[in-house]
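Examining the three-dimensional arrangement
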Amino acid sequence: METDASRALPEFGEVEIASLPDGTTFEDIKSLQSLYREHCEAILDVVVNLQFSLIEKLWQTFWRYSPSTTTDGTITEPSNLSEIESRLPKAKLITLCKNESILKWMCNCDHVMYQALVEILIPDVLRPIPSKLPIEDVL
């Protein structure tokens, strides 16, 4: 049951922000928008493909969760963390996420993603039942 999440996920819309948080640029906001869309698409992909165990790793990677230590003491990092960090450093991510307009935009994005998940996982379940069914459909 593989699907292309980018097609299943409608556009998120633009961030409506009056003034930039200190130390950030419009390019940082564009990077956040792009990274968050990719993050949501990845979550959609793993859910659709029933790879639920990967959701936590996706979340940790996007939010730059501290690297974990394995039983032998070595530190592991997600392989694409440095690429994400180069596009939007963690400090700027945190600064942007303290802005009310950014948080509102993320909340709207999450709603769009959850709605897409519902439509994929539970299609037409709540579709109205016709008031009159032909008798051959009942038998």
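Residues numbered from 1 in each chain as written. Predicted model: local features only at pLDDT ≥ 70, side-chain atom pairs only at ≥ 80, totals over all residues. Heavy atoms only, no water.

Pairing between side chains becomes possible if they bear opposite charge and their charged atoms approach one another. Under the defined criterion, the tally for this structure stands at 6 salt bridges. Close ionic contact of Lys 30 with Glu 14 constitutes a salt bridge, the shortest N to O distance being 3.0 Å. With Lys 30 in helix α2 (residues 26–48) and Glu 14 in the loop between α1 (5–8) and α2, this pair connects stretches of sequence that are 16 residues apart. Assessed through its relative accessible area of 54%, Glu 14 is described here as exposed. (Salt bridge = Lys/Arg side-chain N within 4 Å of Asp/Glu carboxyl O. Helix = DSSP H or I, 4+ residues; strand = E, 2+ residues; numbered from the N terminus. Buried < 20%, exposed > 50% of the residue type's maximum accessible area, 1.4 Å probe, protein only.)

The complete set of buried residues in helix α3 (residues 55–62) reads Gln 60, Thr 61 and Phe 62. Where α3 is buried, its residues contact α2, α4 (81–87), α5 (90–96) and α6 (100–121). Trailing α3 by a residue or two, Arg 64 shows a phi angle of about 55 degrees, which is positive. (Contact = heavy atoms within 4.5 Å.)

Right, let's get into the nonpolar core. Across soluble globular proteins, you tend to see nonpolar side chains buried next to one another. Grouped together as the largest cluster of nonpolar side chains are 25 residues, with contacts concentrated most on Leu 9, Leu 32, Tyr 36, Phe 62, Ile 102, Trp 105 and Met 106. Broken down by secondary-structure element, the contributors of at least two residues to this core are α2, α5 and α6. Broken down by element, the residue count for this core peaks at 8 residues, all from α2. With near-sequence residues (within four places) excluded, Leu 9 lies in contact with Arg 37, Cys 40, Glu 41, Leu 44, Val 112, Met 113 and Ala 116. (Core = buried A, V, L, I, M, F, W, Y, C linked by side-chain atoms within 4.5 Å.)

With that out of the way, let us pick up the environment of Ile 102. Residue placement: Ile 102 occurs in helix α6. With a relative accessible area of 0%, Ile 102 lands in the buried category.

So, on to the packing of α2 against α3. One way to put it is that α2 packs onto α3 with a least axis distance of 10 Å and a crossing angle of 170 degrees. Taken as axis vectors, α2 and α3 run roughly antiparallel relative to one another. Across the interface between the two elements, Leu 32, Leu 35, Tyr 36, His 39, Ala 42, Ile 43, Val 46 and Val 47 from α2 touch Ile 55, Leu 58, Trp 59 and Phe 62 from α3. Among the residues making up the contact of α2 with α3, the classes are represented as 11 nonpolar, 1 polar and no charged. (Axes fitted to C-alpha atoms, helices over the stretch in contact; angles between N-to-C directions. Parallel < 35°, antiparallel > 145°, perpendicular 65-115°, else oblique. Nonpolar A, V, L, I, M, F, W, Y, C, P; charged D, E, K, R; others polar.)

Here the focus is the side chain of His 39. Within the element layout of this structure, His 39 appears in helix α2. Residue classification places His 39 among the buried residues on the basis of a relative accessible area of 8%. Ignoring anything within four residues of it in the chain, the contact list for His 39 reads Leu 58, Trp 59 and Phe 62.

Attention shifts here to the packing of α2 against α6. One way to put it is that α2 packs onto α6 with a least axis distance of 11 Å and a crossing angle of 25 degrees. In terms of orientation, α2 and α6 fall into the roughly parallel class. The chirality of how α2 crosses α6 is right-handed. For the pair formed by α2 and α6, the contact residues are Ile 29, Leu 32, Gln 33, Tyr 36, Cys 40, Ile 43, Leu 44, Val 47 and Val 48 on the first element and Ile 102, Trp 105, Met 106, Cys 109, Asp 110, Met 113, Ala 116, Leu 117, Ile 120 and Leu 121 on the second. Its residues assigned to classes, the contact of α2 with α6 shows 17 nonpolar, 1 polar and 1 charged. (Left-handed = near helix turned anticlockwise from the far one by under 90°.)

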